[in-house]
Amino acid sequence: MRVTVETALAHGLTAQEYERIESTLGRAPTIEELGVFSVMWSEHCSYKSSRAYLRGLPTTGPRVLQGPGENAGALDVGDGFAVVFKIESHNHPSFVEPFQGAATGVGGILRDIFTMGARPIANLNSLRFGSIDHPRTAFLVRGVVAGIGHYGNCIGVPTVGGEVAFDPGYDHNILVNAFTLGVVRADRIFRARATGVGNPVMYVGSRTGRDGIHGASLLASAEFDAESERKRPTVQVGDPFTEKLLLEACLELMAPEMSHHLVAIQDMGAAGLTSSSTEMASRGGTGIDLDLSCVPLREAGVTPYEILLSESQERMLLVVHRGSEDAVKAVFDKWDLEAAVIGRVTDTRRLRCTFEGRVVVDVPIAPLTDEAPVYERPAAEPQGGEESAKLKLTDLAEPADYNQTLLRLLESPNLCSREWVYRQYDSYVGGGTVVRPGSDAAVVRLPGSDKAIAMTVDCNSRLCLVDPYVGAVSAVAEAARNLAASGAEPIGVTNCLNFGSPEKPEVMWQFQQAVAGLRDACLAFGTPVISGNVSFYNETEGRSIPPTPVIGMVGLLEDASRHVTQWFKSEGDAVVLLGRNREELGSSEYLAVIHHQVRGGVPWIDLETERRLIRTVVEAAREGLLRSAHDVAEGGLAVALAECCIASETTAPLGARIELEGGFRPDALLFGESQARMIVSVRRRHLTRLREIARREEVPIAVIGEVRGQRLEIGDFVGIDVATLGEAWRTALAGMLAGSGGS
Amino acid sequence: MRWGVITFPGSNDDAQTAYVLERLLGETVVRLWHKDASVDGLDCIVLPGGFSYGDYLRCGAVARFSPIMLAVERFAREGGIVLGICNGFQILCEAGLLPGALIRNRELDFLCRRVHVRVEDADTAFTNRCRRGDVLDLPVKHGEGCYVADEATLRSLEAGRQIVLRYTDAEGRVTPEANPNGSLGAIAGVRNARGNVFGLMPHPEHACEWLVGGEDGRKIFLSVIASGSGVVDVSAAPTSSKVLSGP
């Protein structure tokens, strides 16, 4: 087939990019070469629009063993252990085919982690759907949740936490971001650098089929239109059972007694064999020759073009030492998996592929990777936002009945219990889960040590839409508060930056602002960004999603038994507010649910204040002072207090008697979403010590009440049985999903 | 005791079961591979939880044909103690070593939550460290845990005191809400007539430490240890306790 500029355009390349390919090669590319360029230069693989901005993120620190640039990042957590973690999007496939899209998203991020030699010990996910009333939402939620459960449960990695949000801004572009954390000996991290000229390149795992061609790469690098439904066949199909075998076989190969056979290993994810081979050669400063005729195939007649671009799941590419082929093959034989030598490492710095004796690809590596196009896309602040952002509190009617208002908030889509979701996930498997889903952060024990790792994923897209800088800062701050509330010190960040089309100046402005916020907040908390993912083109027919920089943050507990949960524990404990209430209602859940308004700017935020609050809570937890701790976030103080009262799986419901001093509107006091606040409960005798710590950190501290009885009472405004609160909160989501259309 | 813990392709709770037995209870554990042909020299075999062979067909339907299952059947026939947890329970039913079958949960979805189970008979190799009527707090995590059997089988299970655990509320009452999967008779665990083979859907191995899941699961393993090594046969034992009536 003769390749022309039209063929290139059909592959999602621009005319300029095609010219660049021709001048690089000094000739027209073959169809296979065009395929290789198109996926490697896709937004998804090349980060061509984001790379210039991401350079500003802090990526170093005393704990960093591996920053961005490998399959995942790694942090030293002491005692000879490292944690390896990353978050990645699978947005476009999950909208087209929710079950398989979400399932393969989980499969992909798991491979990124065990490729590094780490055993995955925890999955989390951040999910954003359209309005709960949208006819497609229930179908998408069911499919995505079932897909995540199917993959994680079957492969035996616990899903321990996450977030689910609903907003009409995602009606046509849902977000499915999957996070995995694994554990490895710090001196046994494997990397993906193809070195040693003449070393064999081995293919292991599932056979290659025709599924997912241009799946993750191209589907995720263009916006949706009326035709997008037809792209369903490009969504990959997951097989968690095969991945379980692949996981065990790879870790067996990477164990001390076998690992001398292995030089490099990389997952075949987006852009499959093409990206794994070129990226390994690029990092190793080498070249790779592949004989595509040797690739194990699912069916006869698969073309070299399809072999190069297939995104069949559960496959890995290995570079092994010469003479180790049989030993490596024996490991994969044991697990009934394919293993085949398909090529060699060369010193040519070129990717050269033959098929049935004919050369189909012969291109230099550098233009595919380090020298791929980088665009400094124009950015411009959107106009006309100021008027709609204004909010005069005096124009808002105060609720007549605060009990009803609180119940309506607890039943609302973004605040109600996620139990219907997480009960479909195995959160026990692996045996290390200390805090299961439902509290501020998940906590998983570090195997073979007294330590534990806390994890959370967070974003408030409503704030990001109003002000992407403040939104990103607040996402990092909320994540840090969630970790602190579990007793953990924040140590590192991964991020998944979900945005609209980078070709629009206002989207690039949002992106630029969010990255700046992310940078400033991570610098303030001393939490380097060690891995991440950018997902652009989350838009349909010209309408983009709200900017959504999802933060995955990891924290360390030196003593797992000192972990803290959000639920009140005993009658008589003092309820303490750390931080200051402000008369703010802008962009709050209360404004959206009760007054049907999204306006009023963003809350006041200050990173130094946040940092001091985090230090206070982590120190108090370390000293064993805290009976419970809970971040005050969406829904404000009243919702946070209700969540502290409601029964958990392991604690009984407990009421509280609360008195709040405000001197301002009660609805702002109860439901305002001022930042830098936490509710903790402590034994009376520990109050003095807690006050000392707070004073040292200059954090405002106030005893606001006592854990008591079976009712939540807040001043003269709220008085409800905890059982009533719990029932409303717990049953709402299942009810709404059953009630809204969908199939 | 010498325990054998089988790893089928797709087993997920094998390592956790071995960890509990070895590290927490000080037992000797031999890790068995599904292609092994012998279980000689062992006192108790555990079939752990997971998704053997992906469970793409009926759960346990492929694993029962694993080479090791021939050895397990022989071991059970000779009176050896066999414990099947979750997927292990499903495999034992498929293999005909336990009566009944496990089908899709009543609500159709996979379900991960804590349950309470009441000990219906403390006179077994698996519950002798409990008292009859004790309520254990254990996790379940399964998509196909709804226990079913025909009327006659259920009647003979009742009569033969083969129903070992039932789902109840925290106070030990059988209620529809306390039954997580719609199991007939709220059955959470059954033994064979001879009393040496036991399967249950809840996961005792995930409830053996205060920090992660509580400690009620220990009682199951400690009972097996207390029953001692060797042949177990309760079918001949005198019926000392009355049979509890079903729900």
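Residues numbered from 1 in each chain as written. Chains lettered and ligands numbered in written order. Predicted model: local features only at pLDDT ≥ 70, side-chain atom pairs only at ≥ 80, totals over all residues. Heavy atoms only, no water.

Draft legend 1. View of the interface of chain A and chain B. Each partner contributes to the interface: chain A provides 33 residues, whereas chain B provides 26 residues. Carbon and sulfur atoms make up 61% of the surface buried where chain A meets chain B, a total of about 2400 Å² over both sides. The salt bridge partner of Asp336 of chain A is Lys35 of chain B, with a shortest N-O separation of 3.2 Å. For the interface between chain A and chain B, the tally reads 14 residue pairs in polar contact (both at pLDDT 80 or more). Looking at the side of chain A that touches chain B, its residues break down into 12 nonpolar, 11 polar and 10 charged. (Contact = heavy atoms within 4.5 Å. Buried area = accessible area lost by both parts, 1.4 Å probe. Salt bridge = Lys/Arg side-chain N within 4 Å of Asp/Glu carboxyl O. Polar contact = N/O pair within 3.5 Å; in protein donor to acceptor, adjacent residues only side chain to side chain. Nonpolar A, V, L, I, M, F, W, Y, C, P; charged D, E, K, R; others polar.)

Draft legend 2. Just the packing of aromatic side chains, in detail. With the rule as written, the count across this model stands at 14 aromatic pairs over all chains. Aromatic side chains Phe126 of chain B and Phe198 of chain B sit 4.9 Å apart centroid to centroid with 35 degrees between the ring planes, which places their arrangement in the tilted category. Taken together, the residues span a long stretch of sequence, with Phe126 of chain B in the loop between β6 (111-119) and β7 (135-142) and Phe198 of chain B in strand β11 (residues 197-200) at a distance of 72 residues. Each member of the pair, Phe126 of chain B as well as Phe198 of chain B, is classed as buried. For Arg185 of chain A, the ring lying beneath its charged end belongs to Phe81 of chain A, and the centroid distance is 4.8 Å. The positively charged end of Arg582 of chain A is found above the aromatic ring belonging to Trp604 of chain A, 3.7 Å away from the centroid. (Phe/Tyr/Trp six-rings, centres within 6.5 Å; stacked < 30°, edge-to-face > 60°. Helix = DSSP H or I, 4+ residues; strand = E, 2+ residues; numbered from the N terminus. Buried < 20%, exposed > 50% of the residue type's maximum accessible area, 1.4 Å probe, protein only. Lys NZ or Arg CZ within 6 Å of the ring centre and 35° of its normal.)

Draft legend 3. Examining the packing of helix α15 (residues 402-410) of chain A against helix α22 (residues 636-645) of chain A more closely. All names here are of chain A. Contact geometry for α15 and α22: axes closest at 10 Å, N-to-C directions at 70 degrees. What the angle tells us is that α15 and α22 run roughly perpendicular. Residues Leu406, Leu409 and Leu410 of α15 lie in contact with α22, whose contacting residues are Ala638, Val639 and Ala642. Classifying every residue of the contact of α15 with α22 gives six nonpolar, no polar and no charged. (Axes fitted to C-alpha atoms, helices over the stretch in contact; angles between N-to-C directions. Parallel < 35°, antiparallel > 145°, perpendicular 65-115°, else oblique.)

Draft legend 4. Region of interest: the nonpolar core. Core analysis: the biggest nonpolar cluster contains 66 residues, and Ile45, Leu47, Val72, Tyr147 and Phe221 of chain B have the highest contact counts within it. The greatest single-element share of this core, amounting to six residues, is contributed by helix α2 (residues 67-77) of chain B. Other than its neighbours up to four places away in sequence, Val72 of chain B contacts Ile6, Ile45, Leu47, Val82 and Leu97 of chain B. Among the nonpolar cores identified, the runner-up in size contains 64 residues, and Ala441, Ala452, Phe525 and Val529 of chain A belong to it. (Core = buried A, V, L, I, M, F, W, Y, C linked by side-chain atoms within 4.5 Å.)

Draft legend 5. Molecular detail of the environment of Ala656 of chain A. On the secondary structure map, Ala656 of chain A appears in strand β24 (residues 656-658). Along the primary structure Ala656 of chain A and Gly130 of chain A are separated by 526 residues, whereas in three dimensions their C-alpha atoms are 35 Å apart.

Draft legend 6. Examining the sheet that holds strand β4 (residues 119-129) of chain A more closely. Residues and elements named next belong to chain A. Across the sheet, which stays open at both edges, the six strands sit in the order β1-β2-β3-β6-β4-β5 with mixed pairing between neighbours. This sheet does not close on itself; its edge strands, each paired only once, are β1 (64-66) and β5 (159-166). Going from strand to strand, the sheet's axes swing by 20 degrees on average, the running direction of each strand aside. Here β4 runs beside β5; their pairing, made up of seven bridges, is parallel. The partner of Asn123 across the bridge, within β5, is Thr159. Sitting on the sheet, helix α7 (residues 98-114) touches β3 (81-89), β4 and β6 (175-185), and the angle it makes with β6 is about 25 degrees. (Pairing = 2+ DSSP bridges.)

Draft legend 7. Inspection of the state of the cysteines at higher detail. Counted under the stated rule, the structure contains zero disulfides over all chains. Here Cys250 of chain A stays free of any disulfide, with the sulfur of Cys154 of chain A as its closest cysteine sulfur at 17 Å. Residue class for Cys250 of chain A comes out buried when judged on its relative accessible area of 1%. Cys208 of chain B provides the cysteine sulfur closest to Cys44 of chain B, a residue in no disulfide bond, and the two sulfurs are 13 Å apart. Owing to a relative accessible area of 0%, Cys44 of chain B belongs among the buried residues under this scheme. (Disulfide = S-S within 2.5 Å.)

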